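Structural characterization, general
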Amino acid sequence: MSSVMEDPTLERHFKGHRDAVSSLDISSNRKQIASGSVDTCVMIWSTRPQMRAYRFVGHKDAVTCVQFSPSGHLVASASRDKTVRLWVPSVKGESMVFRAHTGTVRSVSFSSDGQTLLTSSDDKSIKVWTVHRQKFLFSLNQHINWVRCARFSPDGRLIVSASDDKTVKLWDKTSRECIHSFCEHGGYVNHADFHPSGTCIAAACTDNTVKVWDIRTHKLLQHYPVHSATVNSLSFHPSGNYLITASSDSTLKILDLLEGRLLYTLHGHQGPASCVSFSRTGEFFASGGADEQVMLWRTNFDSVDYSEVLEQKGARDEKASVHRSCSQPSDTQESGAVGVSSQKSSPGAGQPDSVPAVLASTLQHIVGQLDVLTQTVAILEQRLTLTEDKLKECMEMQRRSVSEN
């Protein structure tokens, strides 16, 4: 495991659209990228070298949104022509089309099980469909202006929608009721999506900011005024630790959600960056813009993963507890109080058999909390190491530039 956080790198760029790229998505196996454009076409790009792209023609107006199904066997596209198409991403380019709304269809999104489709439109409605046979199920109709975006929660029980009426609404899919409305006073929201944990949502706003709300407390958790123009799109890293944004200021920004700060600014597109999306594993992300280009980036900065830190720390704790239980059985409770594994290696050490169940449960809870604190410290230590390494790098570069001058 590398101890130094590496910068994202541009792997490939794809040219083929004849107008601005409006939306894109990476397939679950990372072998294909789907993109939609104002040129009315859907393109399927292969991430493998020397492979030809597929151009799908069918929509009669600009394509506003594309998304792969979870299996990768279908691509859904939404268009200004008021239709949704379901494409098979192969050389034949077969598609099924249905008239979804009475206005421009702004977004299309699959549920995590791939069985349901969610659409939103300028007709102010959100609709839910079955993927099989595209059967209409129900609509949500409380917005009073265009609905720019609608997404399912990871567990499929909630829906988030963003509208030009300056609200972001949270819906219960089962009861079909609006649970809460987050009001935007500075502008409207172009794009909204759920955090992988399903506990909060992020919104890309026309007031140049990104906001993160807790959907349980309805409180604003984080506010990032990092762009100098409208924020058009965003995507969560699957770990939930990072958020990437695309803006009309031509940049992509990567935000560290754990530290609440801007991590990287990427300059790749000439003109507005319109869309961005992480791959399902987070190893790559893709971006599209008004320059008609699709860019594929390698993430790199997530190579130091917190789960690896915790796994390594857990392995060290386990080895230490085994060593302690073998060499110092009488000291197990004292030396291993911070770790659950230490307690498990010698559950009865230093305790009489008649400990009340309530007390034992309380002690177990305390030990569990201590373990969480220990893991948190391990993460902070890792972050500190990364920061120190980066600082040394900067100082070395500064020293070289001074010596050269």
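Residues numbered from 1 in each chain as written. Predicted model: local features only at pLDDT ≥ 70, side-chain atom pairs only at ≥ 80, totals over all residues. Heavy atoms only, no water.

Before going further, it helps to examine the side chain of His143. Position of His143 among the secondary structure elements: in the loop between strand E13 (136-140) and strand E14 (147-152). Judged by relative accessible area, His143 falls into the buried class, the value being 4%. One polar contact links His143 to Asp165, side chain to side chain, over a distance of 2.9 Å. At a separation of 3.4 Å, a polar atom in the side chain of His143 contacts the side chain of Thr167. In this view, His143 contacts Lys124, Ile126, Ser161, Ser163, Asp165, Thr167, Lys169 and Trp171; residues no more than four positions away in its chain are not counted. (Helix = DSSP H or I, 4+ residues; strand = E, 2+ residues; numbered from the N terminus. Buried < 20%, exposed > 50% of the residue type's maximum accessible area, 1.4 Å probe, protein only. Polar contact = N/O pair within 3.5 Å; in protein donor to acceptor, adjacent residues only side chain to side chain. Contact = heavy atoms within 4.5 Å.)

Bringing the packing of aromatic side chains into the picture now. Within this structure, the stated rule accounts for ten aromatic pairs. Pairing Tyr242 with Phe301 gives two aromatic rings, centres 4.8 Å apart and planes at 75°, and the pair type is edge-to-face. Note that Tyr242 is positioned in strand E23 (residues 242-247) and Phe301 in the loop between strand E28 (293-298) and helix H1 (306-327), a separation of 59 residues in sequence. No difference in accessibility class separates Tyr242 from Phe301, as the two residues are buried. Geometrically, the ring pair formed by Phe278 and Phe285 is edge-to-face, given 5.6 Å between the ring centres and 70° between the ring planes. (Phe/Tyr/Trp six-rings, centres within 6.5 Å; stacked < 30°, edge-to-face > 60°.)

Take the pairing of strand E24 (residues 251-256) next. The element E24 is extensively covered by neighbouring structure, given that six of its six residues are classed as buried. Covered by surrounding structure in E24 are Thr251, Lys253 and Leu255 together with Leu252, Ile254 and Asp256, the residues of both alternating faces. Pairing geometry for E23 and E24, over five bridges, is antiparallel. The partner of Leu243 across the bridge, within E24, is Leu255. What sits between the antiparallel neighbours E23 and E24 is a turn of three residues, in which Ser250 has the positive phi angle 80°. The sheet contact formed by E24 and strand E25 (residues 261-267) spans six bridges and is antiparallel. Within E25, the position partnered with Ile254 by the bridge is Tyr264. The turn joining E24 and E25, which pair antiparallel and follow one another in sequence, is formed by four residues; a positive phi near 65° is taken by Gly260. (Pairing = 2+ DSSP bridges.)

With that settled, the discussion passes to unusual backbone geometry. With a phi close to 65°, Arg176 is a non-glycine residue in the positive phi region. Examined against the element boundaries, Arg176 turns out to sit in the loop between strand E16 (167-172) and strand E17 (177-183). Take Arg176: its relative accessible area is 45%, and that puts it in the partly exposed class. Even without being glycine, Glu292 reaches a positive phi, approximately 70°. Relative to the assigned elements, Glu292 resides in the loop between strand E27 (284-289) and E28.

On to the sheet that holds strand E21 (residues 220-224). Strand order in the open sheet formed by four strands is E18-E19-E20-E21, and the pairing between neighbours is antiparallel. At either margin of the open sheet sits one strand with a lone partner, and together these are strand E18 (189-194) and E21. Strand-to-strand twist of the sheet, defined as the mean angle between neighbouring strand axes without regard to direction, takes the value 15°. Direction of pairing for strand E20 (residues 210-214) relative to E21: antiparallel, over a ladder of four bridges. Paired with Val210 across the two strands is Tyr224, which belongs to E21. (Axes fitted to C-alpha atoms, helices over the stretch in contact; angles between N-to-C directions.)

Put simply, the protein chain has an average pLDDT of 84, and 80% of its residues get 70 or more. Scored below 50 in pLDDT, residues 316-355 makes 39 contacts in the model with residues more than four places away or belonging to other chains. (pLDDT = per-residue confidence, 0-100.)

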